[in-house]
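Chain and residue survey
Chain by chain, the residues run as shown.
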Amino acid sequence: MRVKLRKYSEGKFNIQEYELDITGKPTVLEILMRIKEELDPSLAFRAMCRASICGTCAVKVNGQHKLACNTRVEGEEVLIEPVDGFKPIRDLVVSHEEIYERLKPSRVWFVPKDGNMKLLPEVQRRTAKAWDCILCGICNNVCPPLLEKVDFGGPLLFTRVYKTLDDPRDSLGENRLENLAAFNVQKCVHCSNCNLFCPKGCMPEKWINVIEGKLVQKGYIQKKKEDFDFLGF
Ligand code: SF4
Ligand code: SF4
Ligand code: FES
C-alpha cells in the first residue's frame, strides 16, 4: 500500500510517501504504527487507547476527519493528514489546547450538589448520547462557522453542556442555561457536518437545537426570523 502522509514541519506542510507491505483492511493507526516501526522512527502522531475512547487520534483520511484507531482502509493508496482547524505541531500532531480553551469559560463540567443523588433513568436516557463524547474535536474541525472564526461556542461545547442541563444533581441549574446565552448558539447554520462526522454518534446539532429552543423560550436570546419553528412541536 502506498501511504501519503501530509506532514507538518517548521512552518510548512510536505507530502511524504511510504510503500508499506500490508494486506487486508488495516486501521489507519495500524498503518501509522507500522510506518513508525519499520520505515520512519521519527514519525510523530498521537494515539493512546486504540479503542475509540481517548479521543486523541483524529486525523484526515482521504480528506475526511476520522479517528485513526477505528477507521479501516483498503486499496492501493491512502492519504493521511493532520486535522483542519487546530494548530499543527509536528507531522500529524496538532495542539488540543483550543478544545480546552474554548470549554473553560462555558462551565461545561458537571457541578454536583452536596450528598449522594441518583442519576434519574429519564435523564440518563435523554443525555446518553452526549455523555459518549470523547473530546476528539472532530465536530469543531468540520464546523463551518468555527473554521471561519465566527464567534460561536461550537458543537463540542454545546454537546458537553447539554448532558448537564435539567439534571437535578447539577448545582448550577438555571445559571447554567443563562451562562450559555453568551456562546451564540444561533450562529449554528445547521449543516449537520458535526452529526455526520462525530465518530461516537453524539449528534451535536440535535442538542444545539434543544439548547437554542430553551434559550429562546426563556428569553435569553432572540429567535431568528428565518428559523424553523421547533418550539411549535
Ligand atoms: S461530539 Fe463527537 S466529534 Fe465532537 S468532540 Fe465529542 S466525540 Fe468528538
Ligand atoms: S450543524 Fe451547526 S454546529 Fe454542527 S457543524 Fe454545522 S454549523 Fe457547526
Ligand atoms: S487511540 Fe484513543 S480514540 Fe483512537
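Presented here is a report on the structure given in the accompanying data block. Starting afresh in each chain, residues are numbered from 1 along the sequence in its written order. Each chain gets a letter, beginning with A, and each ligand a number, beginning with 1, in the order they are written. Totals for whole chains, interfaces and linings use all residues, but because this is a predicted model, local features are given only for residues with pLDDT of at least 70 and pairs of side-chain atoms are given and counted only at 80 or more. As a convention, hydrogens and water are excluded, and side-chain values are obtained from all of the structure's heavy atoms.

**Points about the site of ligand 1**
Condition: One heavy atom within 4 Å of a molecule or strand makes the whole residue count as near it. Note on residue categories: nonpolar means Ala, Val, Leu, Ile, Met, Phe, Trp, Tyr, Cys or Pro, charged means Asp, Glu, Lys or Arg, and polar means any other residue, Gly included.
Residues in close proximity to ligand 1 total 13 residues, the closest being Cys133, Cys136, Gly137, Cys139 and Cys198. Each residue belonging to the shell around ligand 1 can be placed in one class, and the counts come to 11 nonpolar, one polar and one charged.

**Observations concerning the site of ligand 2**
The condition is simple: Secondary structure follows DSSP: runs of H or I at least 4 residues long count as helices, runs of E at least 2 residues long count as strands, and numbering of each begins at the N terminus.
As a structural note, the neighbourhood of ligand 2 is formed by 13 residues, with Cys143, Cys188, Cys191, Ser192 and Cys194 the closest of them. Among the secondary structure elements, those contributing two or more residues to the shell around ligand 2 are α8 (193-197) and α9 (204-217). For the shell around ligand 2, the residue count by class is nine nonpolar, three polar and one charged.

**So, the environment of isoleucine 134**
To be explicit about the condition: Type-normalised accessible area, obtained with a 1.4 Å probe on protein chains alone, sets the label of each residue: buried when under 20%, exposed when over 50%, and partly exposed for intermediate values.
As for its position among the elements, isoleucine 134 is in the loop between α3 (121-131) and α4 (138-141). Classification of isoleucine 134 as buried rests on a relative accessible area of 12%. It is 5.1 Å that separates the C-alpha atoms of isoleucine 134 and glycine 55, two residues lying 79 residues apart in sequence.

**Some points on the packing of helix α6 (residues 155-162) against α9**
Stated formally: A fitted line through C-alpha atoms represents every axis, and for helices the fit uses only the stretch in contact; the resulting angles, taken between N-to-C directions, go from 0 to 180 degrees. Our angle categories are set so that under 35 degrees counts as roughly parallel, over 145 as roughly antiparallel, 65 to 115 as roughly perpendicular, and the remainder as oblique. The handedness criterion is simple: a crossing whose near helix is rotated anticlockwise from the far helix by less than a right angle is left-handed, and one whose near helix is rotated clockwise is right-handed. Contacts: residue pairs with any heavy atoms within 4.5 Å of one another.
One can describe the packing of α6 onto α9 by two numbers: an axis separation of 9 Å at closest approach and a directional angle of 70 degrees. What the angle tells us is that α6 and α9 run roughly perpendicular. The element α6 and its partner α9 pack so that their crossing is left-handed. Counted together, Pro155, Phe158, Thr159, Val161 and Tyr162 of α6 and Pro204, Trp207, Ile208, Val210 and Ile211 of α9 form the full contact between these two elements. Looking at the contact of α6 with α9 residue by residue, the classes come out as nine nonpolar, one polar and no charged.

**Digging into the packing of aromatic side chains**
Selection rule: Ring pairs shown here join Phe, Tyr and Trp side chains whose ring centres sit within 6.5 Å, with only the six-membered ring taken for Trp; geometry is labelled stacked below 30 degrees between planes, edge-to-face above 60, and tilted in between. Counting as a charge over the ring demands two things of the Lys NZ or Arg CZ atom: a distance within 6 Å of the ring centre and an angle within 35 degrees of the ring normal.
For the coordinates displayed, the defined rule picks out four aromatic pairs. A centroid spacing of 4.4 Å and a plane angle of 15 degrees characterise the contact between tyrosine 162 and tryptophan 207, whose relative ring orientation is stacked. With tyrosine 162 in helix α6 and tryptophan 207 in helix α9, this residue pair connects regions lying 45 residues apart in the sequence. In terms of burial, tyrosine 162 and tryptophan 207 fall into one category: buried. Across from the ring centre of phenylalanine 13, 4.0 Å away, lies the NZ or CZ of arginine 6, which sits over that ring.

**Some points on the nonpolar core**
Filter applied, for reference: Residues enter a nonpolar core if they are buried and are Ala, Val, Leu, Ile, Met, Phe, Trp, Tyr or Cys, with the set joined through side-chain atoms within 4.5 Å. Source of the domain bounds: an automatic or database domain assignment.
Grouped together as the largest cluster of nonpolar side chains are 59 residues, with contacts concentrated most on Val3, Ile31, Ile80, Phe158 and Ile211. Per-domain counts for this core show at least three residues from each of domain 1 (2-94) and domain 2 (97-232). For phenylalanine 158, the contacting residues outside a window of four places in its chain are Phe152, Gly153, Leu180, Phe183, Val185, Trp207, Ile208 and Ile211.

**Observations concerning helix α1 (residues 28-38)**
Note the following rule: Directions are taken from the helix axis to each C-beta atom, and the arc is the one they span.
Those residues of α1 not exposed but buried are Val28, Leu29, Ile31, Leu32 and Ile35. Viewed along the axis of α1, the buried residues span an arc of 160 degrees, placing them on a single side of the element. The secondary structure elements touched by the buried residues of α1 are β1 (2-9), β2 (12-19), β3 (58-61) and β5 (77-81).

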